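# Results of the structural survey
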Amino acid sequence: MGLMPLPTFKNSPPGVCLILWSRASKHKTPSDFGGCGEEISMALALVGGAALGAAFQGLLTAVIKVSKKFAGFHSILKKLEATLERIKPYIQEMERLNDELDRPRKEMEKFIQILQDGEKLIQDCSSCYYHQRIGYANKIKALDASLLRLFQVDVHAQVSRDVKEILAILKSNGCNWNYRGVSDEHENLGSCNAPGPPEFMVGLDVPLKELKRWLCEDGESRIVIKALGGCGKTTLAKELCHDNQVREYFKHILYATVSRSPNLIAIITKLFWDEDERVPKFQNEEDAANQMELKLKKKEESGDVLLVLDDVWRGSESLLAKFKFRTSKSKVVVTSRNDFPEFGSTYDLKSLNDDDAMALFRHSAIPQNGSCYFTPSNDLVKKIVGHCKGLPLALEVVGRSLHGRPVEIWRSRLKKLSEGQSVVDSEADLRKCLQSSIDALNDEDVMLKECFMDLGSFPEDQKIPATALIDMWAELYNLDKDGIDAIANLHELSSRSLLNLAVTRNDASEIDGWYSDAIVMQHDDLRDLAIYQSKQELIKERKRLFVDFSKLPEWWTEEEQPQSSARLVSISTGEMFSSSQGDLQIPETEVRWCNMQIPDPEVLILNFNQTQKKYKLPEFIKQMDKLKVLIVTNYGIAVELTNFSVLGSLSNLKRIRLEKVSIPTLCNTSMGLKNLEKISLVMCYKIGQAFASSTIQITEMLANLREINIDYCNDLVELPEGFCDLVRLNKLSISNCPKLSALPEGIGKLANLEVLRLRACARVSKLPDSIGSLHKLSFLDITGCVRLSEMPNRIGGLRDLREFHMRRCPGLCELPSSVKDLVDLESVICDESTVLLWESFKHFLPNLTLSVREESINWHLL
């Protein structure tokens, strides 16, 4: 890292030149400064002095002495000696000014203390034991790096303050001057040189290599490094600026921190006007941007330019637009928690892998000089690291809190983490860093903040189905029932690094609004932050109530439980849980509930995660008169869900989503679910038995049902014929059901059906001819029905059909002639094996567009 040039100041009148500091330390007398000589003498009398030179000489003498005496530290001390020689002119100038101005300054105390501590360190290392040498060597390296950083930034800042006092007197005595470092508008801008990266870094080799390829080989002109707060974006940017290959490629590397309340003119001034250069008076931001373009072109004459804008926040889009240069010789790298797709390509910085996480934690937690009470076992370290989830900031703050502490502190910390205390709960620095992303959601983004908080309802390390969130938010916040608004919110939160939104298959449809392949993932620390914030309120005042039986709250076992008015209640069961209540003869395979007093929730989420064979829905559901959404998800082995009768009295219940449960008694309720509008069954068993065993007709029990989603239900052989009497049904989606062989013949009775999906049902060989009676059907998907050999002759009756998906249907050899009657058909999504079937019908269908798409499947997410 090169040291910043000593500041040089020029005033405007001819013959008047004030050089306060210079690398050569050539002291000029007042007569050397023209007409302002007496004023300079007066100014010099204002600044104080300190014994800085003595402290510096003491450190330098100790370094030279120990370097000659101990060969083990020779090379590292010679490097430190070279650093001290480089900063010696600075020390001499500071000492001279302090002596002449005869006023003590607090700023000097910091420099003196660092130098004195350094001298003590060098003296101590001369008498250290052999096993302590590595630790002392690391401390000497840290001292060397800190001195370089200190005299790169801190000294310059102090000098600017000193000079400001001097120049104020010059100005009052008629001397004109212009210096950006001390003008009110651009005070404390500092250098445009990138700060040095930390002395210890892990996990950035691959990202650094990829960024260099993007910049230097692939021709990317604008890149946004995006990640959650605390992931190392700024560290990566600094390392990029100091990489040798990057410095060879770019003649000029300029760096500025933008922050949440940026000043465009100040940023431009810092980047493009040198320390001693006269800064023009900009009329406005547009004028500053135009002047910047001129300065940029001048710099480009001597070589390529790299600009790094660090810590850019949402709301700075107009600022970034000023840096969209129309030249290939200037490139811009931005670091942000948000993505800015309109500005440039996004590089997603991931969390650390296990090995790098271990290395970073050990560096932060275990003293390198052998002075700790004990050496923690690899197993202990690994368990604590596991709770940090690869987030560099979490690893560092937890590591620092354990640095040099006795084993009892380590074990106590692990115990608390294992019992459910999150890192976010205990580490204020981490919490503050993450919280800033939430605080950035302004008043216009209240809905986004509420949606973010709701994500704490799901277990850690689990993928959250986007369809579950759609169901919740449609009822909680009156978002559209098709999920478009909910998915838009997820995209917005993803763009702010508050979650990751991924799809297992890229096959979206504007008509369908089907998002079963969309998955939400969130870093555990962000989930813990949502839970932490919720816990800061009294139970009776919380909007959300999160209950985790693996760390059961004390109030759960109290006779008089506190009442809650939460609109959303999430309960996650633990291994020591039984759903039965008060029965001492309960089989061990059941789960136990207690009688909660929660009368007002609109959404109830039950998360099961254990090896029980049977779960009973809790009796307290009966009192939830306002309940609109029930989401039950089993994250363990498949279990049977019973006691559905508790749902019979819930007149407001509109949506049910069940995942990975057996439901043979689903319809065993005499009162029915007359206001239920949507039911989703994912990886459920005994669906046929559930409807066959109903004590009342399906049409009576589900009189207002409008949507059915059945996905990955492996034992579904056929749909009950009674489904065809659900005349209000708008959407029927059946996917990935390998044993389903046919749809009911009476499906044509679903007069209001608009969407029919029969996807990846490999045994379906034909569709019922009555499908031609679905006159309101606008969307049909038969993708992946590999045994389907023919289409029904009456398919031409689908007069409102606008979109038809039919990829991976190799058995289809021809289409019936009635296809020409599909006059409103606009889009057919097919593949090379089916596109030819439509060629002879295109002249009958003037609005038709054929799209041949390769299906993109994310097998990792599946």
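Residues numbered from 1 in each chain as written. Predicted model: local features only at pLDDT ≥ 70, side-chain atom pairs only at ≥ 80, totals over all residues. Heavy atoms only, no water.

A tally of regular secondary structure across the protein chain gives 23 helices and 26 strands. Taken over 862 residues, the protein chain has a buried fraction of 55%. A total of about 38,500 Å² of accessible surface is found on the protein chain, and carbon and sulfur atoms cover 48% of it. (Helix = DSSP H or I, 4+ residues; strand = E, 2+ residues; numbered from the N terminus. Buried < 20%, exposed > 50% of the residue type's maximum accessible area, 1.4 Å probe, protein only. Areas by Shrake-Rupley, 256 points an atom, 1.4 Å probe, with all protein chains shown as cover.)

This paragraph deals with the sheet that holds strand E7 (residues 345–348). The strand order E4-E5-E6-E3-E7 describes an open sheet built from five strands, whose pairing is parallel. Only two strands of the sheet have a single partner each, and these edge strands are strand E4 (252–259) and E7. Direction aside, neighbouring strands of the sheet carry axes that sit 20° apart on average. As judged from the six bridges shared by strand E5 (residues 305–312) and strand E6 (residues 330–336), these two strands associate in the parallel manner. Looking at E6, one finds that Val-308 is bridged to Val-333. Across the sheet, helix H6 (residues 205–216) touches strand E3 (222–226), E5, E6 and E7, and the angle it forms with E7 is around 165°. Strand contacts of helix H10 (residues 285–300): E4, E5 and E6, with the helix running at about 135° to E5, the strand carrying the most contacts. (Pairing = 2+ DSSP bridges. Axes fitted to C-alpha atoms, helices over the stretch in contact; angles between N-to-C directions. Contact = heavy atoms within 4.5 Å.)

Relative to the assigned elements, Leu-780 resides in strand E23 (residues 779–781). Given the relative accessible area of 1%, Leu-780 is considered buried. The contacts of Leu-780, once residues within four sequence positions are left out, are Leu-756, Leu-798, Leu-801, Glu-803, Phe-804 and His-805.

Relative to the elements of secondary structure, Asp-528 occurs in helix H21 (residues 524–535). In terms of polar contacts, Asp-528 uses its side chain to reach the side chain of Arg-527, at 3.4 Å. Other than its neighbours up to four places away in sequence, Asp-528 contacts Ser-422 and Val-424. (Polar contact = N/O pair within 3.5 Å; in protein donor to acceptor, adjacent residues only side chain to side chain.)

Counted residue by residue, E6 has seven buried out of seven residues, so it is predominantly covered. Judged by which residues are buried, E6 turns out to be covered on both faces: Ser-330, Val-332, Val-334 and Ser-336 on one side and Lys-331, Val-333 and Thr-335 on the other are all buried. Here five bridges tie E3 to E6, and the two strands are oriented parallel to one another. Bridging across to E6, Arg-222 finds its partner in Val-332.

With respect to topology, three strands assemble into an open sheet ordered E14-E16-E18, the strand pairing being parallel. Both edges of this open sheet fall to strand E14 (614–616) and strand E18 (661–662), since each of them pairs with a single strand only. Two elements, strand E16 (residues 639–642) and E18, share two bridges in a ladder whose sense is parallel. Within E18, the position partnered with Glu-640 by the bridge is Ser-662.

Where like charges cluster on the molecular surface, the negative patch consists of Glu-718, Glu-721, Glu-745 and Asp-769. Note that Asp-769 resides in the loop between strand E22 (755–759) and E23. (Patch = residues over 30% accessible without salt bridge, like charges linked within 9 Å, V, L, I, M, F, W, Y side chains within 5 Å. Salt bridge = Lys/Arg side-chain N within 4 Å of Asp/Glu carboxyl O. Lys, Arg positive; Asp, Glu negative; His and termini not counted. Charge placed at Lys NZ, Arg CZ, Asp CG, Glu CD.)

Turning our eyes to something else, we now look at unusual backbone geometry. Phi is positive for Asn-478, which is not a glycine, with a value near 55°. One can find Asn-478 in the loop between helix H19 (466–476) and helix H20 (484–495). Although it is not a glycine, Ala-760 sits at a positive phi angle of roughly 55°. Within the secondary structure, Ala-760 sits in the loop between E22 and E23.

To continue, consider the packing of helix H13 (residues 378–386) against helix H15 (residues 407–418). In contact at an axis separation of 10 Å, H13 and H15 are set at 40° when each is read in the N-to-C sense. Considering the angle they form, H13 stands oblique to H15. When the axes of H13 and H15 are compared, the crossing they make is left-handed. Between H13 and H15, the contacting residues are Leu-380, Val-381, Lys-383 and Ile-384 on the first element and Trp-410, Leu-414 and Leu-417 on the second. (Parallel < 35°, antiparallel > 145°, perpendicular 65-115°, else oblique. Left-handed = near helix turned anticlockwise from the far one by under 90°.)

Moving on: the packing of aromatic side chains. Counted by the stated rule, this structure contains six aromatic pairs. Relative to Trp-410, the ring of Phe-361 has its centre 5.9 Å away and its plane inclined at 85°; by these criteria the two rings are edge-to-face. Of this pair, Phe-361 sits in helix H12 (residues 354–365) while Trp-410 sits in helix H15, and the two are 49 residues apart along the sequence. The exposure classification of Phe-361 matches that of Trp-410, with both residues buried. (Phe/Tyr/Trp six-rings, centres within 6.5 Å; stacked < 30°, edge-to-face > 60°.)

Its location among the elements puts Tyr-635 in the loop between strand E15 (629–634) and E16. Tyr-635 sits 26 residues away from Val-661 along the chain, and the two C-alpha atoms are 9.6 Å apart. Ignoring sequence-local partners within four residues, the contact set of Tyr-635 consists of Phe-458, Pro-459, Gln-462, Asn-607, Phe-608 and Asn-609.

For the rest of this paragraph, the subject is the environment of Glu-293. Mapped onto the fold, Glu-293 is located in helix H10. Residue Glu-293 is classed as buried on the basis of its relative accessible area of 19%. C-alpha of Glu-293 to C-alpha of Phe-272: the two residues are 21 residues apart in sequence and 9.6 Å apart in space. Among residues more than four places away in sequence, those in contact with Glu-293 are Phe-325 and Arg-326.

With that out of the way, let us pick up the pattern of salt bridges. In the structure shown here, the tally under the stated rule is 31 salt bridges. For the salt bridge of Asp-471 with Lys-678, the shortest nitrogen-to-oxygen distance reads 2.9 Å. Note that Asp-471 is positioned in helix H19 and Lys-678 in strand E19 (residues 678–682), a separation of 207 residues in sequence. Across the pair, exposure class does not vary: Asp-471 and Lys-678 are buried alike.

By size, the foremost hydrophobic cluster in this structure holds 91 residues, and its most contacted members are Leu-647, Leu-658, Ile-663, Ile-734, Ile-782, Phe-804 and Trp-838. Here the element with the most residues in this core is strand E13 (residues 603–608); it accounts for three residues. Setting aside its immediate chain neighbours within four residues, Leu-658 contacts Val-632, Leu-641, Phe-644, Ile-663, Leu-666, Ser-680, Leu-681, Val-682 and Cys-684. In terms of nonpolar packing, the next biggest core, distinct from the first, is built from 90 residues, Ala-227, Leu-240, Leu-393 and Val-520 among them. (Core = buried A, V, L, I, M, F, W, Y, C linked by side-chain atoms within 4.5 Å.)

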